[in-house]
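Examination of the molecular architecture
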Amino acid sequence: DAQDDDGSFNRTVQGSLRQFIQNANAITGTNAMRFVPAVATNASGSGGNWWRIAVTNPLPDISDAGITIDGTAYDRADGATVVNPNAGQVGSGGTVGVDGLTLDRVERPELELNGQDAFAASGLVVDAASATIRNLALNSFGTDALNAQIWVTPSATPAAGEAVITGNLIGTLADGTDSGGLQRLGIATNGAAAISNNYIAHITNNGVMMSQAWIGSPNNEQVNFVNNEVAFSEYTAGLHCDAVSDIPDGAVVQGNYIHDTVGFA
């Protein structure tokens, strides 16, 4: 939220996700988040428990190269033992396509970022090279039609380092069920991105948007979209509601399962 423990400096609440991003942006070089929750789980569903961060003000953009946002949870007793109170998997699994490619299910994450439909901004904004976002649930970010749960800018290039987005639940709670949020876009990119093994569902505009060519800003970077499931998009008047859209030249779209998409009425 907007809480600030020290208004005279560029820091908010030590130990928070917001402060990690601020710190990582300020320290040049690779910086990886380590989630060691100091409180009990505060959300539950479908037989699991997890930690939910209610984000009521936009998070800082990821603006320094090499930052990793990782929802894997570690025991506070030693900071090293992985804890898994939200055990289970989401998705159809099995094989897809005429080649029978394996579709992996997605592990249910321990950390959910919930935007509460509270502001017109994307959830996690990658405005740097070589960022990684993994093992999270992200939902209910952005009240504007072009807001996304994850937005990758043209700062991510193959030469500088693509964005890696893997093992996330996009548009759902951490148990894979519908969050009920607006969530206009799932994952949007106008830069280089490797998007794999994500479950993207219950989006009210486009599940995945790979370019902004339609507004005169085509994506000239490589996008690989492999081994993902996109499901249950929900038509909203005035929006496009494509499952996967604006695929740029040279993109690799392979081994995905795309189903139950409701387009224009």
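The structure contained in this document is the topic of the report that follows. Everything quoted here is computed from the prediction, not taken from an experiment. (Residues numbered from 1 in each chain as written. Predicted model: local features only at pLDDT ≥ 70, side-chain atom pairs only at ≥ 80, totals over all residues. Heavy atoms only, no water.)

**Some thoughts on the sheet that holds strand β25 (residues 252-254)**
Rules: Pairing between strands is defined by DSSP: at least two bridges between them are needed. Secondary structure elements are taken from DSSP: a helix is a run of H or I of four residues or more, a strand is a run of E of two residues or more, and numbering for both begins at the N terminus.
Spatially, the seven strands line up as an open sheet ordered β1-β4-β13-β16-β19-β22-β25, and their pairing is parallel. Edge positions in the sheet fall to β1 (31-32) and β25, since each of these pairs with one other strand and no more. Sheet topology note: the strand β4 (residues 67-70)/strand β13 (residues 132-134) ladder contains three bridges and is parallel. Bridge pairing in β13 links T68 to T132.

**Some words on the sheet that holds strand β15 (residues 148-152)**
Taken together, five strands build an open sheet; the order of strands is β12-β15-β18-β21-β24 and the sheet is parallel. Two strands bound the open sheet, and with one partner strand each, they are β12 (124-126) and β24 (244-245). In terms of strand pairing, β15 meets strand β18 (residues 185-189) through four bridges, oriented parallel. Bridge pairing in β18 links V152 to T189.

**Considerations on the pattern of salt bridges**
When the charged atoms of two side chains lie near each other, side chains of opposite charge can form a pair. To keep it simple, the criterion reads: By definition, a salt bridge exists where a carboxyl oxygen of Asp or Glu is found within 4 Å of a side-chain nitrogen of Lys or Arg. Only protein chains enter the accessibility calculation, which uses a 1.4 Å probe; a residue whose area is less than 20% of its type maximum is buried, one above 50% is exposed, and one in between is partly exposed.
Scanning the model with the defined rule gives two salt bridges in all. As a salt-bridge pair, E112 and R52 come within 3.0 Å of each other at their nearest N and O atoms. Pair noted here: E112 is in strand β11 (residues 111-114) and R52 is in strand β3 (residues 48-54), with a separation of 60 residues, a long-range link. Overall, the relative accessible area of 28% leaves R52 in the partly exposed class. D70 is the partner of R134 in a salt bridge, and the nearest nitrogen-oxygen pair spans 2.8 Å. Of this pair, R134 sits in strand β13 while D70 sits in strand β4, and the two are 64 residues apart along the sequence. Exposure remark for R134: the relative accessible area of 33% places this residue in the partly exposed category. Residue D70 is classed as buried on the basis of its relative accessible area of 7%.

So, to be careful, I would describe these as geometric facts and stop short of saying anything about function.
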